[in-house]
Amino acid sequence: MDKLVSLAKRRGFVFQSSEIYGGLGSVWDYGPLGVELKKNIKERWWRSMVHAREDIEGLDAAILMHPKVWEASGHLAGFADPLVDCKQCKNRFRADDPRIKGTPGQPDAQCPVCGTKGSLTAPRQFNLMFKTFMGPVEDQAAVIFLRPETAQGIYVNYLNVLQSSRQKIPFGIAQIGKAFRNEITPGNFTFRTREFEQMEMQFFVKPGTDGEWLERWRAERMQWLVDLGIRPEKLRFHQHTPQELAHYAKEAYDIEYEFPFGWHEFEGVHNRTDFDLARHQQFSGKKLDYLDAGTNERYIPYVIETSAGADRTALVVLCDAYTEEDVEGEKRVVLRFQPSLAPLKAAVFPLVNKDGMPELARRLYDMLRQRFKVFYDDGGSIGRRYRRQDEAGTPFGITVDGQSTQDQTVTVRDRDTLQQVRVASDRLTDYVTDKLAG
Ligand code: GAP
């Protein structure tokens, strides 16, 4: 993992937030390549969820919501971790931190940081939602929260979307947006952070059909990940035990990836029943039931949720792409992204900076840039330039050499096979387009 973290910084995928001030705990910034990678993943998700389907609509709800939302959703009362404080060193831990010896609150408990015995408090519930104030007065009446999941923005807009889009049940609403959790044991790079992005879809179904839809969405989501190029043997489902189920869920599956630090969840498929809509109906006093015009039945729909972290999916894509290999006795580090996900689609190199090569290379760069994110590099040996692009995961390296200025052809090097083919420069855009599609 250390190698990946260092590559991510060196190549401009991910930087620590506010690094010049010593960093901010578990908050990360995406650099020029990282932002492209994450954007490609989000666009792919949006296309498959919203554009390619007739039964899902998009939404972009605000992060700040009426505080009653979080009462209704159960997050105010239930979205909490039990924590203990060390009275000696002032550190705070989850009560189930495996490093704690003894029972917190009792004289035998030992602080895992300063080693003091009997200094740990009994566990107290600590809500994970970030609190802030709306308006100029910082009193209890002005408290609002940064949303800990995007889903609630969908539930409170469910009727607006249903009526304005003229959808019928079964149908879904998809949304991509930021969520915030004041995690106590964050870590593992971008895996668990305090600010992150979710790609969530809530699918509203008739009660009684929820089991069948859960299975359909489980299959759909796994296939989407395989289509993204993730190795299937690194993916698996984990069904939640009754103890693991969230307060809103009847049945839930995690999709897990085998990260360098073990198998962990990065997406969930949940049967949330009518919990959320029923609670919002109760707390808002507004009717949220659905009238089935065909059968004249009225019911509160059940919800099947697919909830993916955009950052965790990007981390999965990075981990899965990272490869070290031996090429003619030299170590090569390459990010084998599926070309459509790669931040840069191609890099253009003049072999040497003379004899008309830079002029032709720049013309081709200007041409390709109209369609793709492309990089121009004329610094250092051609071998070094190829290696830099291998580390960035760029699928095609286009070199303008002596022959190019004679016959207007260039070499295109394939990142994975290392094979080079000559392509007519006026066919380059089509060549790259075809390769990206295939
Ligand atoms: N709406 C349901 C929900 O939020 P969740 O399992 O708590 O369910 C869904 O979160 C996904 O959001 C996770 O699988 C993960 O990818 C992402 N996620 C949750 N907490 C995160 C955190 N602290 N840092 C990064 N991603 C997180």
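In the block above lies the structure referred to throughout.
Residues numbered from 1 in each chain as written. Predicted model: local features only at pLDDT ≥ 70, side-chain atom pairs only at ≥ 80, totals over all residues. Heavy atoms only, no water.

Trainee: Pulling in residues and values, what's your account of the overall build of the protein?
Mentor: Of regular secondary structure, the protein possesses 13 helices and 23 strands. Each of the three principal axes of the protein carries a C-alpha extent, and together these read 75 × 70 × 50 Å. The long-range share in the protein, meaning contacts at least 24 apart out of those at least 6 apart in sequence, stands at 63%. Counting only carbon and sulfur atoms, one obtains 49% of the accessible surface of the protein, whose full area is about 20,900 Å². Looking at charge distribution, the protein has the averaged site of its 60 positive side-chain charges lying 3 Å from that of its 62 negative ones. (Helix = DSSP H or I, 4+ residues; strand = E, 2+ residues; numbered from the N terminus. Contact = heavy atoms within 4.5 Å. Areas by Shrake-Rupley, 256 points an atom, 1.4 Å probe, with all protein chains shown as cover. Lys, Arg positive; Asp, Glu negative; His and termini not counted. Charge placed at Lys NZ, Arg CZ, Asp CG, Glu CD.)

Trainee: Now, about the pairing of strand 22 (residues 409-414): what can you tell me, with residues and values included?
Mentor: With five of its six residues buried, strand 22 lies for the most part within the structure. Bridge count between strand 21 (residues 396-400) and strand 22: four bridges; the pairing is antiparallel. Across the sheet, residue glycine 397 finds its bridge partner in strand 22, namely arginine 413. Bridge count for strand 22 against strand 23 (residues 420-424) is five bridges, and the pairing is antiparallel. Opposite threonine 409, over in strand 23, you have alanine 424 as the bridge partner. In textbook terms, the turn of a hairpin is the stretch between consecutive antiparallel strands, and for strand 22 and strand 23 this stretch comprises five residues, one of which, leucine 418, has a positive phi near 65°. (Buried < 20%, exposed > 50% of the residue type's maximum accessible area, 1.4 Å probe, protein only. Pairing = 2+ DSSP bridges.)

Trainee: So what's going on with the packing of aromatic side chains? Which residues, and what values?
Mentor: The full count for this structure, using the stated rule, is 15 aromatic pairs. Each ring, one from tryptophan 45 and one from tryptophan 46, has its centre 6.5 Å from the other, and the planes form 40°; the classification is tilted. The buried category is assigned to tryptophan 45, whose relative accessible area is 0%. Aromatic pair phenylalanine 349 and tyrosine 386: ring centres 5.4 Å apart, planes at 80°, arrangement edge-to-face. (Phe/Tyr/Trp six-rings, centres within 6.5 Å; stacked < 30°, edge-to-face > 60°.)

Trainee: Explain the pattern of salt bridges residue by residue, including any values.
Mentor: Counted by the stated rule, this structure contains 41 salt bridges. In this structure, the salt-bridge partner of glutamate 256 is arginine 236, at a minimum N-O distance of 2.8 Å. Of this pair, glutamate 256 sits in strand 12 (residues 251-259) while arginine 236 sits in strand 11 (residues 235-239), and the two are 20 residues apart along the sequence. Among the residues examined, glutamate 256 registers a relative accessible area of 9% and is labelled buried. A salt bridge links glutamate 305 to arginine 272; the shortest N-O distance between them is 2.9 Å. Taken as a pair, glutamate 305 in strand 16 (residues 302-309) and arginine 272 in strand 13 (residues 262-273) lie far apart in primary sequence, 33 residues in all. The burial state of glutamate 305 is the same as that of arginine 272; both residues are buried. By sharing partners, the salt bridges in this structure join Glu325, Arg332, Arg336, Asp390, Arg413, Arg415 and Asp416 into a single network. (Salt bridge = Lys/Arg side-chain N within 4 Å of Asp/Glu carboxyl O.)

Trainee: Outline the site of the ligand, listing residues and values.
Mentor: Residues in contact with the ligand amount to 19 residues; listed here are only the nearest, Glu149, Thr193, Glu200, Glu265 and Glu305. Here glutamate 149 contributes a side-chain N or O atom positioned 2.5 Å from a nitrogen atom of the ligand. In this structure, glutamate 183 approaches the ligand through a side-chain N or O atom, which is 2.8 Å from a nitrogen atom. Taken by itself the ligand offers 550 Å² of open surface, and the protein chains cover 92% of this. Assessed atom by atom at 2 Å from the grid points, the ligand resides in the largest pocket. (Near = heavy atom within 4 Å. Polar contact = N/O pair within 3.5 Å; in protein donor to acceptor, adjacent residues only side chain to side chain. 1 Å grid on protein atoms, 1.4 Å probe; cavity = no way out; pocket = protein on both sides within 12 Å on 5 of 7 lines; lining within 4 Å. Sits in = over half its atoms within 2 Å of the grid points.)

Trainee: Requested: an account of helix 1 (residues 2-10), with residues and values cited.
Mentor: Of all the residues in helix 1, the buried ones are Leu4, Leu7 and Ala8. Down the axis of helix 1, the buried set is contained in an arc of 100°. They therefore lie on one face. Against the buried residues of helix 1 lie strand 1 (14-16), helix 9 (310-321), strand 17 (322-327), strand 18 (330-335) and helix 11 (382-392). After helix 1 finishes, the residue glycine 12 shows a positive phi value of roughly 85°. (Arc of directions from axis to C-beta.)

Trainee: Mind laying out the sheet that holds strand 4 (residues 80-85), listing which residues take part and the relevant values?
Mentor: In sheet architecture, strand pairing relies on hydrogen bonds along the backbone and comes in two forms, parallel and antiparallel. Taken together, three strands build an open sheet; the order of strands is 5-4-6 and the sheet is antiparallel. Among the strands making up the open sheet, the edge pair consists of strand 5 (92-94) and strand 6 (124-127). Sheet twist, expressed as the mean angle between neighbouring strand axes with direction ignored, is 50°. Direction of pairing for strand 4 relative to strand 5: antiparallel, over a ladder of three bridges. Considered in strand 5, the bridge of aspartate 85 is made with arginine 92. (Axes fitted to C-alpha atoms, helices over the stretch in contact; angles between N-to-C directions.)

Trainee: Give a detailed account of the side chain of arginine 312, specifying residues and quantitative values.
Mentor: Inspection of the secondary structure puts arginine 312 in helix 9. No salt bridge is formed by the buried arginine 312. Its closest oppositely charged neighbour is glutamate 265, at 4.4 Å. Not counting residues up to four positions away in its chain, the partners in contact with arginine 312 are Phe191, Arg192, Glu265 and Phe266.

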